[in-house]
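Read off the chains here:
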Amino acid sequence: ASARMGSLIKDILSYSKIGTTKDLVTVDLNELVDNVQQDLYLKIKKSGAKIKRKKLPQVEGFNLELHSLFLNLISNSIKFTKKGEAPNIEIGAVKMLKEGAHIYIKDNGIGIDKKDFNNIFEVFKRLHNQEEFEGTGIGLAHCKKIVDLHKGKIWVEAEPNKGSTFHITLNH
């Protein structure tokens, strides 16, 4: 319980700091996703995850926050998998928009029921109990706040037991 409380406090502090960096920089999302994969090396190896990254654009944004965004989404794709099945994750760009980019992260995981699509981006909204899947319920709220900071949108397409595709637009 104390370890979970420590994680919760850490996540709340991290959530509160989103947007405190004021300097926009050019971020190569290919390099950023490669760095995220290095950060998740042990999780990827342990789960047997296969990650296919298609060519991603460069965007104007906040590097630390974008790293956190992709870390959360890829980590969730690894975590929310069907028992006995290795995660297959695809990351790509749908198209470049005049004002930014449309990125997707698709997995073969447990999926999400349509009725929960809006709730998952709220702080402390969990679809599963702690024993089933670890976490604090802040991750996707964290992602939404980062995407909002970049004047973009985040949404999901999913079906239970058929995986999920998270879409992100970044408009800075």
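Further up the page is the structure itself.
An account of the accompanying structure is given in this report. In this text the structure is predicted, and so the values were computed from the model without any measurement.

The angle between the axes and the distance between the axes are what describe a pair of packed helices. Here helix α2 (residues 29–39) crosses helix α4 (residues 63–79) at 55°, and the two axes come no closer than 9 Å. By the angle between their directions, the pair α2 and α4 is classed as oblique. Handedness of the crossing formed by α2 with α4: right-handed. Where α2 approaches α4, its residues L29, L32, V33, N35, V36 and D39 are matched on the opposing element by N63, L66, H67, F70, L71 and I74. For the contact of α2 with α4, the class distribution of residues is eight nonpolar, three polar and one charged.

Let us look at the nonpolar core. Within the largest apolar cluster, 35 residues are counted, with the highest numbers of intra-cluster contacts made by L29, L69, F70, L73, I74, I91 and F166. If you list the elements that add at least two residues to this core, you get α2, α4, β4 (88–97), β5 (100–107), α5 (139–149), β6 (153–158) and β7 (164–170). Of all the elements, α4 adds the most residues to this core, at six residues. With residues near it in sequence (within four places) discarded, L69 still touches C143, I146, V147 and I168.

Here is what the cut-offs are and how they apply
Residues numbered from 1 in each chain as written. Predicted model: local features only at pLDDT ≥ 70, side-chain atom pairs only at ≥ 80, totals over all residues. Heavy atoms only, no water. Axes fitted to C-alpha atoms, helices over the stretch in contact; angles between N-to-C directions. Helix = DSSP H or I, 4+ residues; strand = E, 2+ residues; numbered from the N terminus. Parallel < 35°, antiparallel > 145°, perpendicular 65-115°, else oblique. Left-handed = near helix turned anticlockwise from the far one by under 90°. Contact = heavy atoms within 4.5 Å. Nonpolar A, V, L, I, M, F, W, Y, C, P; charged D, E, K, R; others polar. Core = buried A, V, L, I, M, F, W, Y, C linked by side-chain atoms within 4.5 Å. Buried < 20%, exposed > 50% of the residue type's maximum accessible area, 1.4 Å probe, protein only.

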